[in-house]
Amino acid sequence: QVNIVQSGGGMVQPGGSLRLSCVVSGSLFSIYTMAWYRQAPGKQRDLVADINSADTTNYADSVKGRFTISRDTAKKTAYLQMSSLKPEDTGVYYCAQRDGLGGVIWGQGTQVTVSS
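Treat the numbers as computed from the prediction; the structure is a model and nothing was measured.

K.L.:
Explanation requested: the pairing of strand β1 (residues 3-7) in the structure shown.
P.N.:
One face of the sheet, then the other: side chains in a regular strand alternate in exactly this way. Burial of β1 is one-sided: the residues Ile4 and Gln6 facing one way are buried, the residues Asn3, Val5 and Ser7 facing the other way are not. Judged from the five bridges that link them, β1 and strand β3 (residues 18-25) form a sheet pairing that is antiparallel. Bridged to Ser7 within β3 is Ser21.

K.L.:
Explanation requested: the environment of Val104 in the structure shown.
P.N.:
Looking at the secondary structure, you find Val104 in strand β10 (residues 104-106). A residue is classified by how much of its surface remains accessible, and Val104, at 34% relative accessible area, is partly exposed. Between the alpha carbons of Val104 and Met34 there is a distance of 9.6 Å; along the sequence they are 70 residues apart. Ignoring any residue separated from it by four or fewer positions in sequence, one finds Val104 in contact with Ala96, Gln97 and Arg98.

Conventions used here
- Residues numbered from 1 in each chain as written.
- Predicted model: local features only at pLDDT ≥ 70, side-chain atom pairs only at ≥ 80, totals over all residues.
- Heavy atoms only, no water.
- Buried < 20%, exposed > 50% of the residue type's maximum accessible area, 1.4 Å probe, protein only.
- Helix = DSSP H or I, 4+ residues; strand = E, 2+ residues; numbered from the N terminus.
- Pairing = 2+ DSSP bridges.
- Contact = heavy atoms within 4.5 Å.

And the structure:
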């Protein structure tokens, strides 16, 4: 059984930085795409960034140049480094493992609040 456990998040002032992590167990981590999604209050869950098995990355326009997604295959861990945070980055962030066939396994979610 695949399990994803997230850590990081919290509250930060505008312009600050945070790093999210998620550790995957029970899967062949290296062959899957890892992704981070964000769900703001009252809105749908949207893709923030993803990284595939070849370490090719993709970012939402709203976070390009500010966020960096990475992965450590040996640790079966994905990261989202967030810098120059804005209030509109506030939301619950979810780590996800995608199999490319529509299958998605989600982490438990972690709250990120950007506020002065």
